[in-house]
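An overview of the molecular structure
The residues making up each chain are set out below.
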Amino acid sequence: MSDKLMSDLKILITEEEIKNKIKSLAKDVENVFEKDEDIYVICVLKGSVMFCADFVKQFNHNIQMEFIRISSYGNETKSTNNLQAIDLTLPNLNNKNVLIVEDIIDTGLTARFLTDMFKIKHQPKKLVFVSLLNKKCARQVNIEPDFYGFEIEDKFVVGYGLDYKGYFRNLPYIAYFPQ
Ligand code: IMP
Ligand code: MG
């Protein structure tokens, strides 16, 4: 059982708002690629599971999906600054179009790590980064996604893939625990 109650949560972004945003975001990202270009969509697990699944359904391109897994929060509500690359197994992406799909950019450490890793190890033709949420005010390294859905305050949020100690990923909205 979670040590926090679902009934204490306050909704920050509704299911409807997420749906609408993803539609417009997918159209914006589509325009970055030529119509006949193949794209590898990289879903960064576990947090991006919902966003990535809904995003690709609105994304009108030939894509292939790959999944990598990184952990940075552990069981805390503050970034541990301690990145754990759990699974980075990927095909050869040399000279391919790569679209990284993240749930949230907080300190920016994960985004920095991923961007550097793709550039150095894979040398993609094009590397595009999209994040559903952007906590600009929590940034520790200078990095911005190419596209994002919502800018949010420095609040710990859960739902729609984001978790607290593994819980609340299944909520269809984004919510927070009021202090
Ligand atoms: P960063 O490396 O600090 O930018 O954090 C990246 C990862 O931490 C994200 O991909 C999330 O999985 C997790 N994370 C950051 N902020 C939150 C939050 O408010 N709620 C839940 N997970 C978060
Ligand atoms: Mg994530």
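It should be noted that the structure appears before, not after, this text.
Given the structure is predicted, the values throughout are model-derived calculations rather than measurements.

Comments concerning the overall build of the protein
- Looking only at helices and strands, one finds three helices and nine strands in the protein.
- Going from the N terminus to the C terminus, the protein shows its helices and strands as β-α-β-α-β-β-β-α-β-β-β-β.
- Relative to its length of 179 residues, the protein is compact, with a C-alpha radius of gyration of 16 Å against a globular reference of 16 Å.
- Principal-axis analysis of the C-alpha atoms gives the protein an extent of 45 × 35 × 30 Å.

Brief notes about the site of ligand 1
- Taken together, 18 residues lie near ligand 1, and Asp 103, Asp 106, Thr 107, Thr 110 and Val 157 sit nearest.
- Here an oxygen atom of ligand 1 and a side-chain polar atom of Glu 102 are 3.2 Å apart.
- At 2.9 Å from an oxygen atom of ligand 1 is found a side-chain nitrogen or oxygen belonging to Lys 135.
- Out of a free accessible area of 490 Å², ligand 1 has 92% covered by protein chains.
- For the shell around ligand 1, the secondary structure elements donating two or more residues are β5 (97-105) and α3 (109-122).
- Counting residues per element, the shell around ligand 1 draws most heavily on β5, which supplies four residues.

Here's the deal with the nonpolar core
- Among the nonpolar cores identified, the biggest contains 30 residues, and Val 29, Phe 51, Phe 55, Leu 99, Leu 133 and Ile 174 are the most heavily contacted of them.
- Looking at which element gives the most residues to this core, the answer is helix α1 (residues 15-30), with five residues.
- Among the nonpolar cores identified, the runner-up in size contains 16 residues, and Val 98, Ile 105, Leu 114 and Met 117 belong to it.

Topic: the side chain of His 61
- Here His 61 lies in the loop between α2 (49-58) and β3 (63-71).
- Of the residues examined, His 61 reaches a relative accessible area of 12% and is grouped as buried.
- In terms of polar contacts, His 61 uses its side chain to reach the backbone carbonyl oxygen of Glu 30, at 3.1 Å.
- Look past the residues within four positions of His 61 in its chain and what remains in contact with it is Glu 30, Phe 33, Glu 34, Lys 35, Glu 37 and Ile 39.

Some thoughts on the environment of Asn 20
- As for its position among the elements, Asn 20 is in helix α1.
- In the structure, Asn 20 is positioned 129 residues away from Gly 149 in sequence and 9.9 Å away in space, judged by C-alpha atoms.

Topic: the pattern of salt bridges
- Tallying each qualifying case throughout the model produces eleven salt bridges.
- A salt bridge links Lys 57 to Asp 54; its shortest N-O distance comes to 3.2 Å. Taken together, the positions of Lys 57 and Asp 54, both in helix α2 and three residues apart, correspond to about one turn of that helix.
- With a relative accessible area of 27%, Asp 54 lands in the partly exposed category.

Thoughts on the sheet that holds strand β9 (residues 174-176)
- Taken in spatial order, the three strands line up as β1-β9-β8 in an open sheet, and their pairing is antiparallel. Looking at the sheet topology across the chains shown, the edges are occupied by β1 (10-13) and β8 (157-158).
- The pairing of β1 with β9 spans three bridges and is classified as antiparallel. By the bridge assignment for β9, Ile 13 is matched with Ile 174.

What counts, and where the lines are drawn
- Chains are numbered independently. Their residues run from 1 in the order of the written sequence.
- Chains and ligands are labelled by the order in which they are written, letters from A for the one and numbers from 1 for the other.
- Side-chain atom pairs in this predicted model are given and counted only at pLDDT of 80 or more, local residue features only at pLDDT of at least 70, and totals for whole chains, interfaces and linings cover all residues.
- Note that water and hydrogens are dropped before the side-chain values are worked out from all heavy atoms of the structure.
- In this description a helix means any DSSP run of H or I spanning at least four residues, a strand means any run of E spanning at least two, and both kinds are numbered starting from the N terminus.
- The reference for a compact globule is 2.2 Å times residues^0.38; the radius of gyration itself is calculated from the C-alpha atoms.
- The cutoff for a nearby residue is simple: one of its non-hydrogen atoms must lie within 4 Å of the molecule or strand.
- As used in this structure description, the phrase polar contact means that two N or O atoms lie within 3.5 Å; if the pair is within protein, one of them must be able to donate a hydrogen and the other to accept it, and residues adjacent in sequence are counted only when both atoms belong to side chains.
- The method behind every accessible area is Shrake-Rupley, applied with a 1.4 Å probe, and residues are considered shielded solely by the protein chains displayed.
- Residues enter a nonpolar core if they are buried and are Ala, Val, Leu, Ile, Met, Phe, Trp, Tyr or Cys, with the set joined through side-chain atoms within 4.5 Å.
- Only protein chains enter the accessibility calculation, which uses a 1.4 Å probe; a residue is then buried when its area is under 20% of its type maximum, exposed when over 50%, and partly exposed in between.
- Note on contacts: a residue pair is in contact if any heavy atoms of the two residues lie within 4.5 Å.
- The salt bridge criterion pairs a side-chain nitrogen of Lys or Arg with a carboxyl oxygen of Asp or Glu, the two atoms within 4 Å.
- Here, a strand pair is defined by DSSP locating no fewer than two bridges between the strands.

All quantities given are derived from atomic positions and should not be read as evidence of function.
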